[in-house]
2 protein chains.
Amino acid sequence: MTVYQAIRARRSIRKYVPGAPLPQEDLHTILEAAMMAPSARNGRPWEFVVVRSPAVKEQIRQAHPYCAYITDASAAIVVCGRPSPEEQKEGERGEFWPQDCAAAIENLMLQALELGYGTVWCGLYPVKDRCDAIREIIGVDSVPMAIVLVGRPDEAPDARGYFDPTRVKEID
Amino acid sequence: MTVYQAIRARRSIRKYVPGAPLPQEDLHTILEAAMMAPSARNGRPWEFVVVRSPAVKEQIRQAHPYCAYITDASAAIVVCGRPSPEEQKEGERGEFWPQDCAAAIENLMLQALELGYGTVWCGLYPVKDRCDAIREIIGVDSVPMAIVLVGRPDEAPDARGYFDPTRVKEID
């Protein structure tokens, strides 16, 4: 699958085939893709918590208002931000980590698509109560930034993205 | 080029072939890819200012501490955030737009790579003085969030991304 095709074929998938496997090899390829994303000062401020446990998925479902489809997903990957000490020191001035993690998520989703999986991005950060609830459930010190569900798609929604010329300005 | 290959071949390119063209057709394909990114509530909170003018590129170079390579890039694409009225109203609670724009940038860079271009991501937001300076130069109401340079690569740096097992936690 070319980059051109994958970017245009990606959809947010909210219906998954229950019980579909996600082999470790595919998971590795997907997470490697995420970790190949660029990051400010090469800080690589990310961490990935892969949840397959039905009990923990159920806890997440109850804690997140827009994550009902987690039950049938093969895994929920919680992408967490782990700002570098320098970034934390600089405070607001240097807070690039959510952007870095978002780039990693886009890689993750495109790579998953190429392997035949569907994904959906469920936002956490900067909604503090969502971050706190998920952090407690998965037991991390980092900042849960988003949940990406991965599974076999059981729906084929229409495309929502498109080129919008009104959003482009050229300065020649 | 497959997604697998592109994600692993991408590098930050800081040296460009001076005067290399960026045809409108390629620019369209690249910006379309950016606008195919997912966004919170499908808000599509982005705007793209494509700077080719040598005079304006020079102004940006002087305003941004880490953007010296702009001179030889075919274009500088300033990705700007345009939060929806709902998102602005909710304030901190709903600020997903930098993540949405970051996903768009990752698409942009992968698509540019497939077409034979190199790119580098120069951060602006949330460094307020950088955002303000660039906003003034390019004349927008939105928030300049990052500058992505696009051009013909004149270097082939080593890969910096890699799979790091210490950043993965599995909950089965």
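For the structure itself, look to the data block above.
Predicted model only: the values in this text are computed from it and were never measured.

Procedures and definitions
- Residues numbered from 1 in each chain as written.
- Chains lettered and ligands numbered in written order.
- Predicted model: local features only at pLDDT ≥ 70, side-chain atom pairs only at ≥ 80, totals over all residues.
- Heavy atoms only, no water.
- Axes fitted to C-alpha atoms, helices over the stretch in contact; angles between N-to-C directions.
- Helix = DSSP H or I, 4+ residues; strand = E, 2+ residues; numbered from the N terminus.
- Left-handed = near helix turned anticlockwise from the far one by under 90°.
- Contact = heavy atoms within 4.5 Å.
- Nonpolar A, V, L, I, M, F, W, Y, C, P; charged D, E, K, R; others polar.
- Expected span 1.5 Å × (residues − 1).
- Buried < 20%, exposed > 50% of the residue type's maximum accessible area, 1.4 Å probe, protein only.
- Least-squares fit on C-alpha atoms with pLDDT ≥ 70 in both.
- Pairing = 2+ DSSP bridges.
- Salt bridge = Lys/Arg side-chain N within 4 Å of Asp/Glu carboxyl O.
- Buried area = accessible area lost by both parts, 1.4 Å probe.
- Lys, Arg positive; Asp, Glu negative; His and termini not counted.
- Polar contact = N/O pair within 3.5 Å; in protein donor to acceptor, adjacent residues only side chain to side chain.
- Arc of directions from axis to C-beta.

Peer 1: Go over the packing of helix α2 (residues 24-35) of chain A against helix α5 (residues 97-114) of chain A with me, naming the residues and quoting the values.
Peer 2: Residues and elements named next belong to chain A. At their nearest, the axes of α2 and α5 sit 7 Å apart, and the two run at 145° to each other. For the element pair α2 and α5, the recorded crossing hand is right-handed. Along its contact with α2, which presents Thr29, Ile30, Leu31, Ala33 and Ala34, the element α5 presents Ala104, Asn107, Leu108, Gln111 and Ala112. When the residues that make up the contact of α2 with α5 are grouped by side-chain class, the tally is seven nonpolar, three polar and no charged.

Peer 1: Which residues make up α5(A), and what are the values?
Peer 2: Residues and elements named next belong to chain A. Taking 1.5 Å per residue, 18 residues should reach 26 Å; α5 reaches 26 Å between its end C-alpha atoms and fits that length. The element α5 is largely enclosed, with a buried count of 17 among its 18 residues. Once α5 finishes, Gly116 follows within two positions and takes phi at roughly 100°, a positive value.

Peer 1: Could you give an account of the relation of the copies chain B and chain A, with specific residues and numbers?
Peer 2: With an RMSD of 0.0 Å, the operation that places chain B on chain A is a rotation of 180° combined with a shift of 0.0 Å along the axis. As the rotation angle and translation indicate, the two copies are arranged about a two-fold axis.

Peer 1: Describe the sheet that holds strand β1 (residues 46-51) of chain B, listing the residues and the values that go with them.
Peer 2: The strand order across the open sheet built from five strands is β5(A)-β1(B)-β2(B)-β4(B)-β3(B), with neighbouring strands paired in mixed fashion. The open sheet has two edge strands, β5 (168-171) of chain A together with β3 (118-123) of chain B, and neither has a second partner. If you compare each strand with its neighbour and ignore which way they point, the axes differ by 20° on average. As defined by bridge partners, β3(B) adjoins strand β4 (residues 143-151) of chain B across six bridges and the pair is classed as antiparallel. Residue pairing for β4(B): Val120(B) is matched across the bridge by Leu149(B).

Peer 1: Describe the sheet that holds strand β2 (residues 75-81) of chain A, listing the residues and the values that go with them.
Peer 2: The strand order across the open sheet formed by five strands is β3(A)-β4(A)-β2(A)-β1(A)-β5(B), and the pairing between neighbours is mixed. Unpaired on one side and paired on the other, β3 (118-123) of chain A together with β5 (168-171) of chain B mark the two borders of the sheet. Neighbour to neighbour, the strand axes of the sheet diverge by 20° on average, direction disregarded. Sheet analysis places strand β1 (residues 46-51) of chain A next to β2(A), joined by six bridges and oriented antiparallel. Following the sheet pairing, Phe48(A) is matched in β2(A) by Val79(A). Across the sheet, α5(A) touches β1, β2, β3 and β4 (143-151) of chain A, and the angle it forms with β4(A) is around 5°.

Peer 1: Can you explain the pattern of salt bridges? Please cite residues and give values.
Peer 2: Enumeration over the complete set of coordinates arrives at 16 salt bridges over all chains. The salt bridge partner of Arg8(A) is Glu32(B), with a shortest N-O separation of 2.8 Å. Of the two residues, Arg8(A) sits in helix α1 (residues 3-9) while Glu32(B) sits in helix α2 (residues 24-35), which places them in two different chains. The pair formed by Arg8(A) and Glu32(B) is uniform in burial state, with each residue classed as buried. For Arg61(A), the salt bridge identified is with Glu58(A), shortest N-O distance 2.8 Å.

Peer 1: Mind laying out the interface of chain B and chain A, listing which residues take part and the relevant values?
Peer 2: Contact residues are listed per partner, giving 68 residues for chain B and 68 residues for chain A. Both faces combined, the contact of chain B with chain A buries some 6300 Å², and carbon together with sulfur accounts for 55% of it. Inspection of the chain B/chain A interface yields four salt bridges. Of all the elements, helix α5 (residues 97-114) of chain B adds the most residues to the side of chain B that touches chain A, at 10 residues.

Peer 1: Help me get a handle on the side chain of Lys57(B), residues and values and all.
Peer 2: Residues and elements named next belong to chain B. Its location among the elements puts Lys57 in helix α3 (residues 54-63). Summary of buried charges: Lys57 has no salt-bridge partner, and the nearest side chain of opposite charge, Asp72, is 6.8 Å away. Here the side chain of Lys57 touches Thr71 through a polar contact of 3.1 Å, landing on its backbone oxygen. Here Lys57 is in contact with Val51, Arg52, Ile70, Thr71, Ala73 and Ser74, once residues within four sequence places are set aside.

Peer 1: Any details on helix α6 (residues 128-138) of chain A? Residues and values, ideally.
Peer 2: All of the buried residues in α6(A) are Arg130(A), Cys131(A), Ile134(A), Ile137(A) and Ile138(A). Each buried residue of α6(A) sits inside an arc of 130° when the element is viewed along its axis, so together they form one side. Among the exposed residues of α6(A), those oriented more than 90 degrees off its buried face are Lys128(A) and Glu136(A). On the buried face of α6(A), the contacting elements are β1, α3 (54-63), β2, β3 and β4 of chain A together with β5 of chain B.

Peer 1: Any chance you could break down the pairing of β1(A) for me, citing the residues and the numbers?
Peer 2: Of all six residues that make up β1(A), six are buried, and the element is covered over most of its length. Side chains Trp46(A), Phe48(A) and Val50(A) of β1(A) all project onto a buried face; the interleaved residues Glu47(A), Val49(A) and Val51(A) project onto the opposite face, where all are buried too. When β1(A) meets β5(B), the two strands line up parallel, connected through four bridges. By the bridge assignment for β5(B), Val49(A) is matched with Lys169(B).

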